Structure formats: C-alpha cells, structure tokens
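# Observations on the three-dimensional arrangement
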Amino acid sequence: MRFLLAILLTAMVTSCGGPEPRKPVEVKSGSFYKESIERTKKLLAAEEEAFQEIISKDTVHEYLSSPDGFWYYYESKNDTATYQLKTGDQILFSYNLMSLKNDTIYTAKEIGPTSHVIDKQQLFPGLQNAVKLLKINEKATFLFPSPLAYGYQGDNKAIGPKTPLKSSVELHTIIIDNDSLN
C-alpha cells in the first residue's frame, strides 16, 4: 500500500509541472499586409482609370489635379475674391454626393447647409481639403478616390465601402478667424 501511495504521489508531483506553452498554429510572414497593399494599389489604379475616363469624355470642363489626390473643376469662379481660407475660419457651404455614374446618393438639400471650422472639425478627408480650395461664392465639382471619401467603411448608410465619390461643393459664407489674421 505504501508503495502504491509513493507511486501515486510521485506521479502527481511530476505531472504538476505547470502549463506548457502552446506552439503557434500559424506563423505570420507579413503576407497579409503585402496583399492588402497590393489590393489597395489595384483599387486606386482602377479608380484613377475611371477618373481619367470621366475627364476625357467631359470636353466642357477643365479638370485640375489636387496635390491631395483628387480631381476637380470649377462650375463658377469668383475672380474678384482674394481671401484664401485659413485654419480657424468658419465657413458655411453646401454639397451633394454622387456616384461616378452621376447617380445621386445625397442631395445638397438632404445634407443641408454645413457649417465647418477649417482644420478644427472633421469632414471626410477629401471634402476637408476641397473646401480650402474655394473662395467665397465659388462652386466646384470634385472626384474623390475612395480613401479620400468614406474609405473602407462607407458611411454605414447609402455609401458603401471603397466607393469613389463625385461632389459639387459651393462656398457661401466665410467668417474670418481673427487669430488667423495675425
């Protein structure tokens, strides 16, 4: 009996060595990120191709390329206005959102006039940079690639993920930030 107890006790002590670490099921090689980068490059190339097709078919407007990565043309220009928007200026503007095929997603009336403080409040990235290009009483149409629109998420309503957008934006009012004048 003592012999059996000693064997049982020895078995219990040696088996309680603690948990052994589990080996990883899969080794990460970074290929997910590389594949994601390649997918994004292909997406952007396809969107740029769609933009170039729109631009080449539109013989009426002169499109400009923004250093921020979108295309635009002026619908109405205010050559007498000289003030360029600065951080802290408050603006009132209106805009609509359309697909690249000109299907209306949101009308300017649905969105309503939008008040925005330059570089202090969030808009989607393309629109945030687009309004800075406008002077008072100017209107322009912008072509935003999906990363500058609502990106990989969409707006969780009518705009799906990875959707490039077209938008007409009109700047109505500027309230100059007195601190930006210094």
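We now turn to the structure provided with this report. Computed from a prediction, not measured in an experiment: that's the story for all the values here.

With that settled, the discussion passes to the overall build of the chain. Looking only at helices and strands, the chain has 4 helices and 8 strands in total. Along the chain, from the amino end to the carboxyl end, the secondary structure elements read α-α-β-β-β-β-β-α-β-α-β-β. Relative to its full complement of 182 residues, the chain shows a buried share of 35%. Residue pairs in contact within the chain that sit at least 24 positions apart in sequence constitute 67% of those at least 6 positions apart.

In this section: helix H2 (residues 31-57). Between its terminal C-alpha atoms H2 stretches 39 Å, which fits the 39 Å expected from 27 residues at 1.5 Å a residue. Where H2 is concerned, the buried positions are Leu 43, Glu 47, Phe 51, Ile 54 and Ile 55. In the core, the buried residues of H2 are packed alongside strand E2 (71-76) and strand E7 (139-144).

Turning to the pairing of strand E6 (residues 114-117), a few remarks are in order. Here E6 shows a clear split, with Thr 114 and His 116 buried on one side and none of Ser 115 and Val 117 buried on the other. Across 4 bridges, the pairing between strand E3 (residues 90-95) and E6 is antiparallel. Counted as the bridge partner of Gln 90 is Val 117 from E6.

Our focus in this paragraph is the environment of Glu 62. By the element assignment, Glu 62 lies in the loop between H2 and strand E1 (64-65). Judged by its relative accessible area of 64%, Glu 62 falls in the exposed class. Once the C-alpha coordinates of Glu 62 and Tyr 74 are considered, the two residues, 12 residues apart in sequence, prove to be 7.9 Å apart. Leaving out residues up to four positions away in the same chain, Glu 62 has contacts with Tyr 72 and Tyr 73.

This part covers the pattern of salt bridges. Within this structure, the stated rule accounts for 5 salt bridges. Of the charged contacts, one joins Glu 38 and Lys 41 as a salt bridge, the two residues approaching to 3.9 Å between their closest N and O atoms. Separated by 3 residues within a single helix, Glu 38 and Lys 41 lie in helix H2, roughly one turn from each other. Classification of Glu 38 by relative accessible area gives partly exposed; the value is 41%. Put simply, Glu 138 and Lys 77 hold a salt bridge, and the shortest N to O gap is 4.0 Å. Taken together, the positions of Glu 138 in the loop between helix H4 (125-130) and E7 and Lys 77 in the loop between E2 and E3 put the pair 61 residues apart, joining distant regions of the chain. You can call Glu 138 buried: its relative accessible area is 1%.

So, about the side chain of Asp 58. Tracing the backbone shows Asp 58 in the loop between H2 and E1. Lacking a salt bridge, the buried Asp 58 has Lys 166 as its closest oppositely charged neighbour, with an N-O distance of 6.2 Å. Polar side-chain contacts of Asp 58 include one of 2.8 Å to the side chain of His 61.

It is worth spelling out unusual backbone geometry at this point. Positive phi, normally seen in glycine, also occurs at Asn 102, with a value near 70°. One can find Asn 102 in the loop between strand E4 (97-98) and strand E5 (104-106).

About the criteria used
- Residues numbered from 1 in each chain as written.
- Predicted model: local features only at pLDDT ≥ 70, side-chain atom pairs only at ≥ 80, totals over all residues.
- Heavy atoms only, no water.
- Helix = DSSP H or I, 4+ residues; strand = E, 2+ residues; numbered from the N terminus.
- Buried < 20%, exposed > 50% of the residue type's maximum accessible area, 1.4 Å probe, protein only.
- Contact = heavy atoms within 4.5 Å.
- Expected span 1.5 Å × (residues − 1).
- Pairing = 2+ DSSP bridges.
- Salt bridge = Lys/Arg side-chain N within 4 Å of Asp/Glu carboxyl O.
- Lys, Arg positive; Asp, Glu negative; His and termini not counted.
- Polar contact = N/O pair within 3.5 Å; in protein donor to acceptor, adjacent residues only side chain to side chain.

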